[in-house]
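Summary of the model geometry
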Amino acid sequence: MEVINAGVDGINGGTMSHLEIPRLPTIRDIDITGRKVFMRIDINVPIDPDTSEILDDRRIRTHASFIKRLVEEYRPALVLASHQGRPGDSDFTSMEKHAELLSKYTGINIRYIPDVIGPRALEEINNLKPGEILLLDNLRLLSEEVLEAPPERQALTIMARRLSSVINIYVNDAFATAHRSQPSIVGLPLLMPSCIGPLFEREIEAVKKVFGSGESPRIYVLGGSKVRELLRVIENLMRNKLADRILTTGLLAHLFLVAKGVNIGTENMKILEEKGVLSLVPRARYILLRGAPVETPVDLKVEVNGDVRNTYIGEVRGVAKDIGENTVQIYGDLIRDARIIVMRGPAGVIEDERFRDGTLRILDAVYSSNAFTLIAGGHLASMVNESKLSNRIHVSTGGNALLLFLSGEELPALKALELSAKMFLGW
Ligand SMILES: Nc1ncnc2c1ncn2[C@@H]1O[C@H](COP(=O)(O)OP(=O)(O)O)[C@@H](O)[C@H]1O
Ligand SMILES: O=C(OP(=O)(O)O)[C@H](O)COP(=O)(O)O
């Protein structure tokens, strides 16, 4: 087990805490040359609910470059598989368009199979030759893939057993799904030699680079709409004393303003209620009472009768859709002084051009700071100006997986790979 000094003498106390990264097998530890390899990737992308078109293909492009190099170097018979959305949601689609884009970006013909473990898929996998690639259909078409259970149970699923009958090696390159305990993440590694893939490895290396320095202040800029998950992250950060400051934006900020007793206006309270977030106020209050370094905006940008206004906290009328001018300044100053920055979720409703400014200006502060920075999550990544990136800024493919990992949670994917290494590699 590699232990990275991830502790800070934060304002919550002075004890050291640690981010534990297990020793993980990589492609250099298992010879995949010419072998039949199943590689779990995460090309789950935003989909337009009306047209079913892919809105942002960043994850597909990133995977494509790693797949291309892997195939050129090792010529495995490569079976790729991913999920897309969740059953019942509008972004739950087949993988046909994903295969087209993967083929386009790799320059290699990647065959799409509209099947996961049926006779067609098993036959195609059996016939696959070294250097050839196919992409299976959405893994979550199988109900087994949607249920969370420990690795030992997931190794017994029909899905894991069938796939393991036609492949020799399992590679996990789905860092963004590493927090899920599903058969394709934790079951397959218990049935064959397994390792992390090149993109997964790059993500871990980025975390090591950022947190290995042990520098502070460490600033988390947390926003967007996944409030429940972010509260869990903040609770972990507090418990492990990993953050010097947590700057809140987006709906998370509204929740903490309410927890501080601020009147954010009936319209904004209603939005929190509709999102099922109001019930989290007591948890947010408890976090504050325990002295967590959670900062909230001093002003917000609101929409009132179609107009955009900057309004101070305590005088909020209208629907708050971005952080305000003064908050951008204050947060920007704190960010420029940081040594380590982790940013997750946009500061406002970026789908509307009038409310993108807060996020863009926070990102400007990130570009001009000297801090090592991790940027997490799809919406935020889509706002990044690639020409302003440097080698101290890492745009992760992971959202919640990265945040949970950084805040000290054991990721099921890593646990399963560790078990696999003991079983098949004698580690
Ligand atoms: N003040 C706000 N009110 C409502 N929605 C917001 C607000 N700020 C941000 N959001 C929404 O948060 C969403 C993105 O957050 P999230 O899904 O958590 O990010 P990611 O895609 O990076 O995981 C966007 O759809 C954006 O409109
Ligand atoms: O997009 C993902 O996670 P993210 O929203 O935390 O970035 C992953 O593909 C995991 O998807 P899931 O949350 O449906 O398991």
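These numbers come from a predicted model, not from an experiment.

The rules we used
- Residues numbered from 1 in each chain as written.
- Chains lettered and ligands numbered in written order.
- Predicted model: local features only at pLDDT ≥ 70, side-chain atom pairs only at ≥ 80, totals over all residues.
- Helix = DSSP H or I, 4+ residues; strand = E, 2+ residues; numbered from the N terminus.
- Buried ≥ 20, exposed ≤ 12 C-beta atoms within 10 Å, placed from the backbone.
- UniProt positions renumbered as here; feature names shortened; annotations may be inferred.
- Contact = placed C-beta atoms within 7 Å.
- Near = placed C-beta within 6 Å.
- Nonpolar A, V, L, I, M, F, W, Y, C, P; charged D, E, K, R; others polar.
- Pairing = 2+ DSSP bridges.
- Core = buried A, V, L, I, M, F, W, Y, C linked by C-beta atoms within 7 Å.
- Domains from an automatic or database assignment.
- Axes fitted to C-alpha atoms, helices over the stretch in contact; angles between N-to-C directions.

Re the overall build of the chain
In terms of regular secondary structure, the chain is built from 16 helices and 17 strands. Principal-axis analysis of the C-alpha atoms places the extent of the chain at approximately 65 × 50 × 40 Å. Across the 427 residues of the chain, 50% fall into the buried class.

Structural notes on the UniProt feature "binding site: (2R)-3-phosphoglycerate" (unreviewed entry) in the chain
Per the UniProt record, the feature "binding site: (2R)-3-phosphoglycerate" (unreviewed entry) sits at Arg59, Arg140 and Arg180. Positionally, Arg59 belongs in helix H1 (residues 58-74). Ignoring any residue separated from it by four or fewer positions in sequence, one finds Arg59 in contact with Asp42, Ile43, Asn44, Val45 and Thr397. Assignment of secondary structure puts Arg140 in the loop between strand S6 (133-135) and helix H4 (151-154). A tally of 20 C-beta atoms within 10 Å means that Arg140 is categorised as buried. Excluding residues that lie within four positions of it along the chain, Arg140 makes contacts with His83, Arg86, Pro87, Glu145 and Val146.

Here we look at the site of ligand 2
In the vicinity of ligand 2, the contacting residues are Asp42, Asn44, Arg86, Ala176, Thr177, Arg180, Gly377, Gly378, Gly399 and Asn400. In the shell around ligand 2, the residues fall into one nonpolar, six polar and three charged.

Re the pairing of strand S7 (residues 169-172)
Here S7 shows no split at all, with Ile169 and Val171 on one side and Tyr170 and Asn172 on the other all buried. With four bridges connecting them, strand S3 (residues 36-40) and S7 associate as parallel partners. In the strand pairing of S7, Val37 is matched with Ile169. Direction of pairing for S7 relative to strand S8 (residues 194-196): parallel, over a ladder of three bridges. The residue of S8 that forms the bridge with Tyr170 is Ser194.

So, the site of ligand 1
Near ligand 1 lie 19 residues; those nearest to it are Gly224, Ser225, Gly250, Gly377 and His379. Going through the elements one at a time, helix H9 (250-259), strand S14 (319-323) and helix H14 (378-381) are the ones with two or more residues in the shell around ligand 1. If one sorts the elements of the shell around ligand 1 by residue count, H14 sits on top with three residues.

Some details on the UniProt feature "binding site: ATP" (unreviewed entry) in the chain
The sites that carry the UniProt feature "binding site: ATP" (unreviewed entry) are, in the present numbering, Glu351, Gly377, Gly378, His379 and Leu380. If you trace the backbone, His379 turns up in helix H14. His379 sits in the buried class, given 20 other C-beta atoms within 10 Å. Beyond its immediate stretch of four places on either side in the chain, His379 contacts Gly224, Gly345, Pro346 and Ile350. Mapped onto the fold, Leu380 is located in helix H14. Ignoring anything within four residues of it in the chain, the contact list for Leu380 reads Met343, Arg344, Gly345, Pro346 and Ile375.

Observations regarding the nonpolar core
One finds Val37, Val79, Ile234, Leu255 and Ile341 to be the most contacted residues of the largest nonpolar core, which totals 134 residues. With eight residues, the top contributor of residues to this core is H9. Both domains that furnish three or more residues to this core are identified here as domain 1 (2-196 + 411-424) and domain 2 (215-396). What Val79 contacts, discounting residues up to four positions off in sequence, is Val37, Phe38, Ile125, Leu128, Leu134, Leu136 and Ile167.

Structural notes on the domain arrangement of the chain
Parsing the chain into structural domains produces domain 1 (2-196 + 411-424) and domain 2 (215-396). Between the C-alpha centres of domain 1 and domain 2 the distance comes to 31 Å.

A short note on the sheet that holds strand S11 (residues 294-295)
Strand order in the open sheet made by the six strands is S11-S10-S9-S15-S16-S17, with parallel pairing throughout. Edge strands, defined here as strands with exactly one partner in the open sheet, are S11 and strand S17 (393-395). Pairing between strand S10 (residues 245-248) and S11: two bridges, direction parallel. Across the sheet, residue Leu247 finds its bridge partner in S11, namely Glu295.

Description of the sheet that holds strand S12 (residues 299-304)
Overall, antiparallel pairing links the three strands, which are arranged S13-S12-S14 in an open sheet. Looking at strand neighbours, the two that pair on one side only are strand S13 (307-312) and S14, the edges of this open sheet. Taking each pair of neighbouring strands and ignoring which way they run, the sheet shows an average axis angle of 35°. Of the pairings in the sheet, the one linking S12 to S14 comprises four bridges and is antiparallel in character. Residue pairing in the sheet places Glu303 in a bridge with Val319 of S14.

A short note on the environment of Tyr170
You can see Tyr170 is positioned in strand S7. Given 29 C-beta atoms within a 10 Å radius, Tyr170 is considered buried. Here the alpha-carbon distance between Tyr170 and Arg40, two residues 130 residues apart in the chain, equals 7.8 Å. Other than its neighbours up to four places away in sequence, Tyr170 contacts Phe38, Leu188, Pro189, Met192 and Ser194.

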